[in-house]
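An overview of the molecular structure
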Amino acid sequence: MNSIVFTHFEAPEEGAAPLTVALDRLSAWLDVERETLGRMLANTGQLQAGSALEALDQLHLEPSDGPAEIRELLEHALTLLEVLLGTLRDMSCHQSTISAWGLPGPAAFDMHVRWSGARLEDITITLERALAA
């Protein structure tokens, strides 16, 4: 049976603002994907994209920040995510390098590029939809 299951984050409360839900999902994505994506970018010498990933880590909100500041943060995050997504789309999966987990060969690397690309595309779409709401 096909079903949609919330993963890496709790199901949003009824009536939760789309921006808040997107912020929670961005945080969960960073927690889960940062290390693998960072390794892939480092292994392929993608310094500009690596800088975008580091910039995502630097984003933060103050306790007093409201919806306008959340929107601004998500817009900035979306720009950085698009840089990362473009890098993965242009990346050759069949290069002779070690995988994101330090395993030899392009097959494992190819799997990590595709997985990270799919997860990155998911979070990008989540932010786009929240910002459009």
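Please read all numbers here as calculations on a predicted model, not as lab measurements. (Residues numbered from 1 in each chain as written. Predicted model: local features only at pLDDT ≥ 70, side-chain atom pairs only at ≥ 80, totals over all residues. Heavy atoms only, no water.)

Considerations on the overall build of the chain
When its secondary structure is counted, the chain shows four helices and zero strands. Seen in sequence order, the chain has helices and strands lined up from the N terminus as α-α-α-α. Looking at the chain as a whole, 37% of its 133 residues are labelled buried. Sequence separation of at least 24 residues holds for 69% of the intrachain contacts in the chain that already meet a minimum separation of 6. When the accessible surface of the chain is split by element, carbon and sulfur atoms take 54% of a total near 8,200 Å². (Helix = DSSP H or I, 4+ residues; strand = E, 2+ residues; numbered from the N terminus. Buried < 20%, exposed > 50% of the residue type's maximum accessible area, 1.4 Å probe, protein only. Contact = heavy atoms within 4.5 Å. Areas by Shrake-Rupley, 256 points an atom, 1.4 Å probe, with all protein chains shown as cover.)

Considering helix α2 (residues 47-58)
The first and last C-alpha atoms of α2 sit 17 Å apart over twelve residues, in line with the 16 Å expected at 1.5 Å per residue. Among the residues of α2, A49, G50, A52, L53 and L56 are the ones counted as buried. Viewed along the axis of α2, the buried residues span an arc of 155°, placing them on a single side of the element. In α2, the exposed positions that point more than 90 degrees away from the buried face belong to L47, Q48, E54 and Q58. Those residues of α2 that are buried are in contact with α1 (18-43) and α3 (67-90). (Expected span 1.5 Å × (residues − 1). Arc of directions from axis to C-beta.)

Side note on the pattern of salt bridges
What the rule picks out here adds up to four salt bridges. Close ionic contact of E33 with R119 constitutes a salt bridge, the shortest N to O distance being 3.2 Å. Of this pair, E33 sits in helix α1 while R119 sits in helix α4 (residues 106-132); the two residues are 86 residues apart in sequence, bridging distant segments of the chain. For R119, a relative accessible area of 15% corresponds to the buried category. Of the charged contacts in the structure, one is a salt bridge between E121 and R89, with a shortest N-O distance of 3.4 Å. (Salt bridge = Lys/Arg side-chain N within 4 Å of Asp/Glu carboxyl O.)

Describing the confidence of the model for the chain
The predicted coordinates should not be examined in detail at positions where pLDDT is low. Looking at the chain, the pLDDT average stands at 79 and 75% of residues meet or exceed 70. The least confident element of the chain, judged by mean pLDDT, is α4 at 85; the most confident is α3 at 92. Across residues 1-9 the pLDDT falls below 50, and counting only partners more than four positions away or on other chains, this stretch makes eight contacts in the model. (pLDDT = per-residue confidence, 0-100.)

Some points on the nonpolar core
Counting residues in each nonpolar core, the largest one holds 30 residues, and the members touching the most others are L26, W29, L56, L74, L81, L84 and L127. Going through the elements one at a time, α1, α2, α3 and α4 are the ones with two or more residues in this core. No other element matches α3, which puts ten residues into this core. When sequence neighbours within four positions are dropped, the list of residues in contact with L56 reads W29, L30, A77, L80, L81 and L84. (Core = buried A, V, L, I, M, F, W, Y, C linked by side-chain atoms within 4.5 Å.)

Focus: the environment of M91
Counting through the fold element by element, M91 comes out in the loop between α3 and α4. For M91, a relative accessible area of 8% gives the class buried. As for M91 and L41, which are separated by 50 residues in sequence, their C-alpha atoms are 9.6 Å apart. Among residues more than four places away in sequence, those in contact with M91 are L41, T44, Q46, F109 and V113.

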